[in-house]
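Chain by chain, the residues:
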Amino acid sequence: MNLDTSYLGLKLRNPLVASAGPMTQTIDRIEWLADVGIGAVVLPSLFEEQIRAEADRDERLAEAGIDSFAEATTYILDPDSSVWPRRYLGLIERAAGSGVPVIASLNGSTTGGWTDYARAMQDSGAAAIELNIYYLPGDILISGRDAEQRYVDILTTVKAVVSVPVAVKLAPYFSSLGEMAVRLDRAGADGLVLFNRFMQTDINPDTLTISTGFKLSSPAEATLARSWIARLRGRVGTSLAASTGVETADDVAAYLLAGADVVMTTSSLLRHGPTHAAVLLDGLKAWMERKGFGSTDEIRGMFAAAANARQSDFGRVGYLRAIERATRTYAPQ
Ligand SMILES: Cc1cc2nc3c(=O)[nH]c(=O)nc-3n(C[C@H](O)[C@H](O)[C@H](O)COP(=O)(O)O)c2cc1C
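Keep in mind that what you see is a predicted model, and the values were worked out from it rather than measured.

Q: What should I look at first to understand the overall build of the protein chain in this one?
A: For the protein chain, the helix and strand inventory stands at 12 helices and 12 strands. Looking at the protein chain as a whole, 50% of its 333 residues are labelled buried. In the protein chain, of all internal contacts separated by at least 6 residues, the share reaching a separation of at least 24 is 70%. Accessible surface, the protein chain as shown: approximately 16100 Å² in total, 53% of it carbon and sulfur. Treating the 32 positive side-chain charges of the protein chain as one cloud and the 39 negative ones as another, the clouds have centres 9 Å apart.

Following this line, the structure appears as structure tokens:
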């Protein structure tokens, strides 16, 4: 059975990728994931704010000529619980020896000089860069076009400093995601990762506080990413990575059928540990055997909108059918 996969022009032994998150934060866990068969790993993001904070601190240290006033810098992120720039490059170097491609992740929302860090990541051995553009346009007068242009500009600045492939990790919140994908493709994106999950900010009426947080995903959340992958497969020249809601091998298979080149998971690995990667891969092989498929290439995109007659199920026809079915199922008797 052949699980060989190409993603961002990289050769992977299979399509299962550990996405950016705490599971890929240490070399031990990266090596563990490599041992149990993962196809590639994406390191947790290095944030624009971290790069700026470290640059500020270095400048202040140089001016003061001392090396002991870390307290003088206000950190937004806890240096002990996340991976900081210098340590990050060390992690890339060590992870590059794990035997699986290592994708470094940069997370920001502006086109500042921090984007040059992509070059340092490449020089440390990153096989590719994943760019998580986490932009929250809070100014209600920013137009959709201006917000979208920012994605293109950030991608362009990163592409200008690296020769390794660059993937863009997107949230689904665009007026026309398809056109955004096409624009990023034209601007040189080598891959699109669908989707990033936004933090779940909420208000607690009991404590009268705002809470920000992340919950692990559930398979029900995968449908949006899956349907967009089905729509984009064959319509953009970039690789497509699925991210959100993988818990079982069936979830992996469904994403491949939609047209994903690779299928990423964070929540399931955090829930069950690195060995879950082997469970997913064994399950995928068993499913392929049952269905008579010999390679992932045979499966990939079978249900992509451009290739499959039932594509209308992803559009309004499917919507109307679903409404009818749901009404029959849930309507009070
Ligand atoms: C605790 C936690 C930390 C994460 N950190 C990052 C990160 O640093 N960069 C990033 O691009 N995505 C990050 N993610 C998002 C994941 O990479 C992934 O896109 C998202 O969780 C959806 O996939 P899943 O359903 O497999 O969890 C994080 C997710 C979790 C749960």
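So much for the structure itself; the text now carries on.
Q: Got a minute to help me understand a nonpolar patch on the surface in this structure?
A: Side chains of Leu-136, Met-199 and Phe-214 sit close together on the surface and give an oily, nonpolar patch of about 300 Å² of accessible area. With respect to the helices, strands and loops of the structure, Leu-136 is situated in the loop between β6 (128-133) and α5 (144-161).

Q: Even after reading the chapter, I still don't get unusual backbone geometry, so can you show me in this structure?
A: Peptide bonds are, in most cases, trans, and in most cases residues other than glycine have a negative phi. A cis geometry characterises the amide bond from Leu-194 onward to Phe-195, with omega recorded as 0 degrees. If you check the backbone angles, Leu-208 has positive phi at about 55 degrees while not being a glycine. Within the element layout of this structure, Leu-208 appears in the loop between β9 (202-204) and β10 (209-211). The exposed category is assigned to Leu-208, whose relative accessible area is 73%.

Q: Hey, could you run me through the pairing of strand β11 (residues 239-243) in this one?
A: The two faces of a sheet get side chains in turn, since along a regular strand they alternate between them. Within β11, 5 of the 5 residues are buried, which leaves it mostly tucked inside the rest of the structure. Burial along β11 is two-sided: Ser-239, Ala-241 and Ser-243 and Leu-240 and Ala-242, pointing in opposite directions, are all buried. As paired elements, strand β8 (residues 191-194) and β11 share 4 bridges and run parallel to each other. Bridge pairing links Leu-194 to Ala-242 in β11. Alignment of β11 against strand β12 (residues 262-265), held across 3 bridges, turns out to be parallel. Bridged to Ala-241 within β12 is Val-262. The parallel pair β11 and β12, bridged by helix α8 (residues 249-258), forms a crossover whose chirality is right-handed.

Q: Help me out: how do you make sense of the environment of Val-162 in this one?
A: Within the element layout of this structure, Val-162 appears in the loop between α5 and β7 (166-170). Placed 137 residues apart in sequence, Val-162 and Gln-25 show a C-alpha to C-alpha distance of 23 Å. Contact partners of Val-162, with chain neighbours within four places excluded, come to Ala-118, Arg-119 and Gln-122.

Q: Whenever I open this one, the sheet that holds β12 confuses me. Can you help?
A: Sheet strands pair by backbone hydrogen bonding; their relative direction is either parallel or antiparallel. Taken together, 8 strands build a closed barrel; the order of strands is β3-β4-β5-β6-β7-β8-β11-β12 and the barrel is parallel. The average undirected angle you get between the axes of adjacent strands in this sheet is 25 degrees. Across 5 bridges, the pairing between strand β4 (residues 40-47) and strand β5 (residues 102-108) is parallel. Counterpart to Phe-47 in the pairing with β5 is Asn-107.

Q: So what exactly am I meant to see when it comes to the packing of aromatic side chains here?
A: Each pair of aromatic rings is reported with the distance of its centres and the angle of its planes. Applying the stated criterion across every chain, the model contains 2 aromatic pairs. With a centroid separation of 5.0 Å and an interplanar angle of 70 degrees, the aromatic rings of Tyr-151 and Phe-174 are classed as edge-to-face. Pair noted here: Tyr-151 is in helix α5 and Phe-174 is in the loop between β7 and α6 (177-186), with a separation of 23 residues, a long-range link. On the basis of relative accessible area, Tyr-151 is assigned to the buried category, the value being 5%. The interplanar angle of 40 degrees and the centroid separation of 5.5 Å between the aromatic rings of Trp-287 and Phe-293 together place this pair among those described as tilted. In this structure, Trp-287 and Phe-293 share a single accessibility class: buried. Lying over the aromatic face of Tyr-255, Arg-226 brings its terminal NZ or CZ to 4.6 Å of the ring centre. A cation sits over an aromatic face here: Arg-231 above Trp-228, 4.8 Å from the ring centre.

Q: Hey, could you run me through the packing of α8 against helix α10 (residues 276-291) in this one?
A: Packed helix pairs are specified by the crossing angle of their axes together with the interaxial distance, meaning the distance between the axes. Running from N to C, α8 and α10 cross one another at 60 degrees; their axes reach a closest spacing of 8 Å. By the angle class used here, α8 and α10 are oblique. Here α8 runs over α10; the crossing is right-handed. Across the interface between the two elements, Ala-249, Asp-250, Val-252, Ala-253, Leu-256 and Leu-257 from α8 touch Leu-280, Gly-283, Leu-284 and Trp-287 from α10. Its residues assigned to classes, the contact of α8 with α10 shows 8 nonpolar, 1 polar and 1 charged.

Cut-offs applied
- Residues numbered from 1 in each chain as written.
- Predicted model: local features only at pLDDT ≥ 70, side-chain atom pairs only at ≥ 80, totals over all residues.
- Heavy atoms only, no water.
- Helix = DSSP H or I, 4+ residues; strand = E, 2+ residues; numbered from the N terminus.
- Buried < 20%, exposed > 50% of the residue type's maximum accessible area, 1.4 Å probe, protein only.
- Contact = heavy atoms within 4.5 Å.
- Areas by Shrake-Rupley, 256 points an atom, 1.4 Å probe, with all protein chains shown as cover.
- Lys, Arg positive; Asp, Glu negative; His and termini not counted.
- Charge placed at Lys NZ, Arg CZ, Asp CG, Glu CD.
- Patch = residues over 30% accessible without salt bridge, like charges linked within 9 Å, V, L, I, M, F, W, Y side chains within 5 Å.
- Salt bridge = Lys/Arg side-chain N within 4 Å of Asp/Glu carboxyl O.
- Pairing = 2+ DSSP bridges.
- Right-handed = clockwise from strand over helix to strand, strands pointing away.
- Axes fitted to C-alpha atoms, helices over the stretch in contact; angles between N-to-C directions.
- Phe/Tyr/Trp six-rings, centres within 6.5 Å; stacked < 30°, edge-to-face > 60°.
- Lys NZ or Arg CZ within 6 Å of the ring centre and 35° of its normal.
- Parallel < 35°, antiparallel > 145°, perpendicular 65-115°, else oblique.
- Left-handed = near helix turned anticlockwise from the far one by under 90°.
- Nonpolar A, V, L, I, M, F, W, Y, C, P; charged D, E, K, R; others polar.

Shape is all these values report; function is a separate question.
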